[in-house]
Amino acid sequence: MLHNSRLNSALEEIADDIAQITDDMQRMLAVDTCFPPGNGYAQFADLMTQLLAPMNFSFQRVLVPENLWKAPDGSAHGERVNLLATLDCGAAENCNLYFHTDTVPAGDGWRFPPLALTVAEGKLFGRGAADMKGTIVAAMAAVRAAQALNLPLRFNPVFLLCTDEEGGLYPGIRYLAEQQLFAGHLLSFNGGAVPRIWAGCFGSIDLKVIITGRSAHSGDPLHGINAIEAALPLMNALYQLKGEVEQRTSAMPAPPHYQDKPLTSLLTLAAAHGGSKGSTIPERFELLINRRYAPEEAFDDVWQELNHCINHAMHHSPALDVTVQMIGHLAPVANPDGPHWPRWQAALIQGFGFKADEFKPWGSSTSSDMGWVQQAGIQEILLGGLARPDNRIHAADEFTTMADVIALSQSILAYLADEFQPTQGI
């Protein structure tokens, strides 16, 4: 597949760049960009400017207006700083490399410090190592190798370092797309180290229902209204709706581990909070609902169905107030195919050593902020990344491996390099 010794040398350069890759990873993981609340974005943008400036990138910082991202529950705070870093190589076309800079909170159960890089057991541990600061490290190593070998690039790389993918009302990439702040096709690194042709993904709605009762002494409850007990009809109704929703199948091809079972719509009672001690009637109860909806479902229909279920269930409730808040929404992604996919597939073969016949198209009932990019008019979205089934993304001891970082970096370099010639028929 390689027809140029300079490209081959650049690929080898990446494999010899372990010390810099390790240092970059350590510095990125040390910045706490967890969402919620997402108040580390400015610090991370500062770090990325410091790391990319010596590579001759130019920068544009874009803040999402607060009225767009401010959630009604107050879970999000801090400036939403998105960074566009562009390397002008004189190419005729840009390639937009998308990364979300937020992570989920560290959580409990870690054997290693979550906001630091730990190299142990042949793995790179830390929150964001795989999802997805490690992918930024890989892209930087690819550009660094190209510059070290004076390798001409077919595309001008544009790093889109964006906010609020892990939740929230208004992810940064949505704002950039709607404001038309970038052009050209997009390569998202919110995927896995697998031979996959992305067929799209479901949308996701996070809905919080707040039931207000009246507190009282549990030993003298005459004037009290128990918010938890008042919510029982709602939980029963939602559980019944869950059964109905999850009978709906999507035409989107399912992942291989589904073993020929179809993807279905999903409804999850994700969190419940209320009460404080046994001697007090709880005045407030909060229920978090997550609804995954297929591209075949219209958002308005899904939203109306949820609200109808809530209103009907709580119609005769003794609760003083029932408040419904949408605190997160990602639109579904329809088939993101386009003319650049064969080249990216060939690049993944080059980096990871996949075989052409291993590639299969499949979608997912997980969600992505790329749906907003499509709605803004950019249809083709390539997908890659570091995710694997066993690397504990969103869990304690999240990790990736140096081998995967190098393989992804080599894939990115091959894709960008002008002299990379994919095998015919890929």
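Residues numbered from 1 in each chain as written. Predicted model: local features only at pLDDT ≥ 70, side-chain atom pairs only at ≥ 80, totals over all residues. Heavy atoms only, no water.

*Asks:* Let's hear about the overall build of the protein chain: which residues, and what values?
*Replies:* In terms of regular secondary structure, the protein chain is built from 12 helices and 17 strands. The C-alpha atoms of the protein chain give 23 Å as radius of gyration, which agrees with the globular expectation for 426 residues (22 Å, within 12%). Counting all 426 residues of the protein chain, 54% fall into the buried class. A separation threshold of at least 6 residues defines the contact pool for the protein chain, and within that pool the share at least 24 residues apart is 81%. Total accessible area computed for the protein chain in this model is approximately 17,800 Å², and 50% of it derives from carbon and sulfur atoms. Counting 27 positive and 46 negative side-chain charges, the protein chain places the centres of these two groups 3 Å from one another. (Helix = DSSP H or I, 4+ residues; strand = E, 2+ residues; numbered from the N terminus. Rg over C-alpha atoms; globule rule 2.2 N^0.38 Å. Buried < 20%, exposed > 50% of the residue type's maximum accessible area, 1.4 Å probe, protein only. Contact = heavy atoms within 4.5 Å. Areas by Shrake-Rupley, 256 points an atom, 1.4 Å probe, with all protein chains shown as cover. Lys, Arg positive; Asp, Glu negative; His and termini not counted. Charge placed at Lys NZ, Arg CZ, Asp CG, Glu CD.)

*Asks:* An account of the pattern of salt bridges is needed here, citing residue identities and associated values.
*Replies:* Counting across every chain of the model gives 19 salt bridges. One salt bridge connects Glu178 with Arg174, and the closest N-O pair in it is separated by 2.9 Å. Of this pair, Glu178 and Arg174 both sit in helix α6 (residues 172–178), 4 residues apart, which is roughly one turn of the helix. According to the relative accessible area criterion, Glu178 is partly exposed, its value standing at 36%. Residue Arg174 is classed as buried on the basis of its relative accessible area of 16%. Measuring nitrogen to oxygen at the nearest pair gives 3.5 Å for the salt bridge that ties Glu286 to Lys208. With a gap of 78 residues between them, Glu286 in strand β13 (residues 284–293) and Lys208 in strand β9 (residues 203–212) connect regions that are remote in the sequence. (Salt bridge = Lys/Arg side-chain N within 4 Å of Asp/Glu carboxyl O.)

*Asks:* Go over the UniProt feature "domain: Peptidase M20 dimerisation" (unreviewed entry) in the protein chain with me, naming the residues and quoting the values.
*Replies:* Following the UniProt record, the feature "domain: Peptidase M20 dimerisation" (unreviewed entry) maps to residues 202–314 here. Taken as a whole, residues 202–314 contains 29% helix and 29% strand, while its terminal C-alpha atoms sit 29 Å from one another. (UniProt positions renumbered as here; feature names shortened; annotations may be inferred.)

*Asks:* Give a description of the packing of aromatic side chains that names residues and reports values.
*Replies:* Two descriptors summarise a pair of aromatic rings, namely the distance from one centre to the other and the angle between the planes of the rings. If you walk through the whole model with that rule in mind, you get 12 aromatic pairs. When the ring of Phe155 is compared with that of Tyr415, the centres are 5.1 Å apart and the planes differ by 15 degrees; the resulting orientation is stacked. Of this pair, Phe155 sits in strand β6 (residues 155–162) while Tyr415 sits in helix α12 (residues 402–416); the two residues are 260 residues apart in sequence, bridging distant segments of the chain. Taking the relative accessible area as the measure of exposure, Phe155 reaches 2% and is therefore buried. The class of Tyr415 is buried, set by a relative accessible area of 1%. (Phe/Tyr/Trp six-rings, centres within 6.5 Å; stacked < 30°, edge-to-face > 60°.)

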